[in-house]
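The lines below spell out each chain.
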Amino acid sequence: MPNGGPGHCGTCKFNSKNDGKKGYPEIEKEGDAYCVIRKFKIPKPLWTYCDNHNQDEKTKPIGPVYIIDSHPYEKKVWKPEADK
Ligand code: SF4
């Protein structure tokens, strides 16, 4: 399956579909993917990224959320960093 490289929401344990597990445990599961840290729906998990990806202890958002949505494949800010 094509994707935008490592570190995306599809392999993140904070993706609701993954039930706290790293990797692709539930990639084919029905329904929306949802970030349990950032509290939003993830329309394209394989093309969405943030610095919380599979962190062990951090449960507060770290920095912005990025997407890759076109050629050239470069990350750009989708959701700016949350207020501190
Ligand atoms: S937005 Fe960040 S923390 Fe949330 S599922 Fe995606 S990579 Fe994980």
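Structure report, in brief.

**Looking at the pattern of salt bridges**
Applying the stated criterion across every chain, the model contains four salt bridges. Between Lys-13 and Asp-56 there is a salt bridge, with its nearest N and O atoms 3.5 Å apart. Placement of Lys-13 in the segment before β1 (34–35) and of Asp-56 in the loop between β3 (48–50) and β4 (65–67) is noted, with a sequence separation of 43 residues between them. Taking relative accessible area as the criterion, Asp-56 reaches 58% and is therefore assigned exposed. Between Asp-32 and Lys-41 there is a salt bridge, with its nearest N and O atoms 3.9 Å apart. By relative accessible area, Lys-41 is classed as partly exposed at 46%.

**A closer look at the sheet that holds β4**
Taken in spatial order, the three strands line up as β3-β4-β5 in an open sheet, and their pairing is antiparallel. Of all the strands in the sheet, the pair left with one neighbour each is β3 and β5 (76–79). Averaged over all adjacent pairs, the angle separating strand axes in this sheet is 45°, with direction ignored. Both β4 and β5 contribute to a ladder of three bridges, which runs antiparallel. Of the residues in β5, the one forming a bridge with Tyr-66 is Val-77.

Scoring rules and cut-offs
- Every chain is numbered on its own, with residues counted from 1 as its sequence reads.
- The model is predicted, so local features are restricted to residues of pLDDT at least 70 and side-chain atom pairs to those at 80 or more, both for listing and for counting; the totals for chains, interfaces and linings are taken over all residues.
- For the side-chain quantities, the full set of heavy atoms in the structure was used; hydrogens and water were omitted.
- Any carboxyl oxygen of Asp or Glu that lies within 4 Å of a side-chain nitrogen of Lys or Arg is treated as forming a salt bridge with it.
- Runs of E in the DSSP output that reach at least two residues are strands. Runs of H or I that reach at least four are helices, and both are numbered from the N terminus.
- For every residue, the accessible area (1.4 Å probe, protein chains only) is compared with the maximum for its type, and the residue is labelled buried under 20%, exposed over 50%, or partly exposed between those bounds.
- Two strands form a pair only when DSSP identifies at least two bridges running between them.
- The convention used is that axes are lines fitted to C-alpha atoms, helices contributing only their stretch in contact, and that angles between N-to-C directions extend from 0 to 180 degrees.

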